[in-house]
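The chain contents come next:
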Amino acid sequence: MTGVAGTKTTHSAHVLDETRIREQFPILSSTVGDRPLVYLDNAATTQKPRVVLDTLSRYYAAENANIHRGVYQLSQAATEAYEGARAKVARFLHASDPSEIVFTRNATEGINLVAQTFGRSTVGAGDEVVISTMEHHSNIVPWQLLCEEKGAVLKVVPISDRGELDLDELDALLGPRTKLVSIVHMSNSLGTVNPVREVVERAHARNVPVLVDGSQAAYHMKVDVQALGCDFYVVTGHKLYGPTGIGALYGRRTLLDAMPPYQGGGDMISSVTFEKTTYNEVPHKFEAGTPHIAGAIGLGAAVDFIASVGFGPIVAHERRLLEYATNALTAVPGLRLIGTAPQKASILSFVLDDVHAHDIGTIVDTEGVAIRTGHHCTQPVMDRFGVPATARASLAMYNTADDIDRLVGALTKVREVFG
Amino acid sequence: MSDLRDLYQEVILDHNRSPRNFGPLEGADLQADGHNPLCGDQLSIAVKVEDGVLTDVRFEGSGCAISKASASLMTEGVKGKSLDEARAIFEQFHRLVTDQEAPVDPSLGKLAVFAGVRDYPARVKCAILAWHTLRAAVDDNHDIVSTE
Ligand SMILES: Cc1ncc(COP(=O)(O)O)c(C=O)c1O
């Protein structure tokens, strides 16, 4: 028997049906030159299944209207679809209520929103914000800007040689002036999955709220913001098999209620006079202007798609593939993996002797293999490991052992060129 | 896509393995730093100038094969040239790696090995970084050169 979106029911468990999954992603049957595309840059962005593409075009072709404004039916239908998408994202992240989901442009905007609202109203001179060495630049720079403005101090939790967060150091850094911990759930350059639950416990023991950057985690594992206990959680739609230009911020309702608005404009107000403006309820208070309606609805379709495949089969498939790829890559002479934490998922960052990552990227591209090369917006991680850049293969639900074989085959070409 | 050997020519691989004029330059008259944030390439170029002539050019830093070889071959190519000649070679080199249609200028000599780069648009910045940095040095521009 075959399940809804590509899982097979066997006598033991749901197993992901590679062929049926791949068929749903039109781009996967394309070629690069004369080679079939092998797409291994999922940490940068994932490909889109047909159901997301269809949802976007159906919205524009048949349902397009502005939301929260019209009394006519089309506008109400669009409003319902947009708010319905919010409910889907809330369910996907297991938030207790859709009002805890704010639509943003991406994860970056989610973090900046928290920095500019919660951060600016909470962090003062001499206060501290705690992040880690393995943060994406989007979870570093907003805090640097905030700290610079407020005369606050940014503290950085170090990581081990395997790429694990140092929890003892976290404890040592948490102090009476700590106002927020902002930490990545899963590193985009190392693959490390952080023990977010423990981080939250330690921070909450000192009454410090925690923001979690779930950009990478949310498409590889089941996220339950209530079980994690975090106060904010950001995701980005284009890494959830959804459209670009849409993301979401989960915020604990009590915090969102207390936060000042982010941007001013339409939709975020309940009444405006020149003397006094009152703001709308959350989450609308944080969504000024016409939002990316189609994007939000497309994101709703994307998280439904993920749910229909199921994290059971996705996690099992990606775990097998990660193990296969780890073995295959470590067997390549001169290859060294960067990021070997026991708790990791779906990312293989590596260096190859003294061949620069950029050269590796160009050469494997001629074989149709798309990987990322560079610092992956995590320069402090590169500095920590003393490398200028890495090559990175990152997996998604539609990748196969064959993709890994093609990558390994392409890497032998690097050897041919560089000798 | 054209053959990889058109990009990674033997001369380029050789200069990547053993870069010429690599290391610090004592008593440099002019110096500039270049950075390609996309791939983390970092170069610094130092020159000695006497009577408007580049009497010595050396470079330091790290980068991919294309950027390292380009810096290495550049130092050889401009040593002994006047500042104006160096600027003219910069322009020729720029055309060589960016203009798909341009015939390869024979006066470029060995530098012509970089013609293959024009078929790899993502790598143009790698080939050109050293040159932009040199130009900043000879123009005595102290901003860090960035390809972005
Ligand atoms: C861990 C992590 N955080 C944040 C981001 C930023 O995502 P976006 O550019 O969609 O805002 C990314 C992706 O680039 C990421 O991998």
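So, here's what we can say about the structure. Just so we're clear, the structure is a prediction, and the values are computed from it rather than from any experiment.

Rules and cut-offs
Residues numbered from 1 in each chain as written. Chains lettered and ligands numbered in written order. Predicted model: local features only at pLDDT ≥ 70, side-chain atom pairs only at ≥ 80, totals over all residues. Heavy atoms only, no water. Helix = DSSP H or I, 4+ residues; strand = E, 2+ residues; numbered from the N terminus. Rg over C-alpha atoms; globule rule 2.2 N^0.38 Å. Buried < 20%, exposed > 50% of the residue type's maximum accessible area, 1.4 Å probe, protein only. Contact = heavy atoms within 4.5 Å. Areas by Shrake-Rupley, 256 points an atom, 1.4 Å probe, with all protein chains shown as cover. Lys, Arg positive; Asp, Glu negative; His and termini not counted. Charge placed at Lys NZ, Arg CZ, Asp CG, Glu CD. Salt bridge = Lys/Arg side-chain N within 4 Å of Asp/Glu carboxyl O. Polar contact = N/O pair within 3.5 Å; in protein donor to acceptor, adjacent residues only side chain to side chain. Nonpolar A, V, L, I, M, F, W, Y, C, P; charged D, E, K, R; others polar. Phe/Tyr/Trp six-rings, centres within 6.5 Å; stacked < 30°, edge-to-face > 60°. Lys NZ or Arg CZ within 6 Å of the ring centre and 35° of its normal. Pairing = 2+ DSSP bridges. Axes fitted to C-alpha atoms, helices over the stretch in contact; angles between N-to-C directions.

## A closer look at the overall build of chain B
(1) Moving on: Across its full length, chain B carries 5 helices and 4 strands.
(2) Moving on: The secondary structure elements of chain B, listed N-terminal to C-terminal, are α-α-β-β-β-α-α-α-β.
(3) Moving on: For 148 residues, the compact-globule estimate of 2.2 N^0.38 gives 15 Å, and the C-alpha radius of gyration of chain B, at 14 Å, lies within 12% of that figure.
(4) Moving on: Looking at the 148 residues of chain B, the share that counts as buried comes to 50%.
(5) Moving on: Nonlocal contacts in chain B, meaning residues at least 24 apart in sequence, comprise 60% of its contacts between residues at least 6 apart.
(6) Moving on: When the accessible area of chain B is evaluated, it comes to approximately 6,500 Å², of which 48% is carbon and sulfur surface.
(7) Moving on: Between the centroid of the 15 positive side chains of chain B and the centroid of its 24 negative side chains there is a distance of 5 Å.

## Focus: the interface of chain B and chain A
When the parts of a complex come together, some accessible area is lost, and that lost area is often taken as the interface size.
(1) Moving on: Contact residues are listed per partner, giving 22 residues for chain B and 16 residues for chain A.
(2) Moving on: The interface formed by chain B and chain A includes 1 salt bridge.
(3) Moving on: One salt bridge connects A:Asp359 with B:Arg123, and the closest N-O pair in it is separated by 2.8 Å.
(4) Moving on: Summed over the shared surface of chain B and chain A, the number is 7 residue pairs in polar contact (both at pLDDT 80 or more).
(5) Moving on: Those elements giving two or more residues to the side of chain B that touches chain A turn out to be helix H1 (4–7), helix H2 (10–17) and helix H3 (65–78) of chain B.
(6) Moving on: Split by residue class, the side of chain B that touches chain A holds 14 nonpolar, 4 polar and 4 charged.

## With respect to the packing of aromatic side chains
(1) Moving on: Under the defined criterion, the tally for this structure stands at 14 aromatic pairs over all chains.
(2) Moving on: Ring geometry for B:Phe22 and B:Phe59: centres 5.0 Å apart, planes at 75 degrees, overall edge-to-face. Remark: B:Phe59 occurs in strand S3 (residues 53–62) and B:Phe22 occurs in the loop between H2 and strand S1 (30–36); sequence separation between them is 37 residues.
(3) Moving on: Members of the aromatic cluster, joined through ring pairs, are A:Phe25, A:Tyr219, A:Tyr241, A:Phe305 and A:Tyr398.
(4) Moving on: Between A:Lys222 and the ring centre of A:Phe92, over which it is positioned, the NZ or CZ distance is 6.0 Å.
(5) Moving on: In this structure, A:Arg384 is placed above the aromatic ring of A:Phe385, and the distance from its NZ or CZ to the ring centre is 5.3 Å.

## A closer look at the sheet that holds strand S10 (residues 210–213) of chain A
Residues and elements named next belong to chain A.
(1) Moving on: Strand order in the open sheet formed by 7 strands is S6-S12-S11-S10-S9-S7-S8, and the pairing between neighbours is mixed. Looking at which strands have only one partner, the edges of the open sheet turn out to be strand S6 (101–104) and strand S8 (153–157). Strand-to-strand twist across the sheet, computed as the mean angle between neighbouring axes with direction ignored, equals 20 degrees.
(2) Moving on: Two strands pair when backbone bridges link them, and S10 and strand S11 (residues 232–236) are joined in this way by 3 bridges, in the parallel orientation. Bridge assignment links Val212 to a residue of S11, and that residue is Tyr233.

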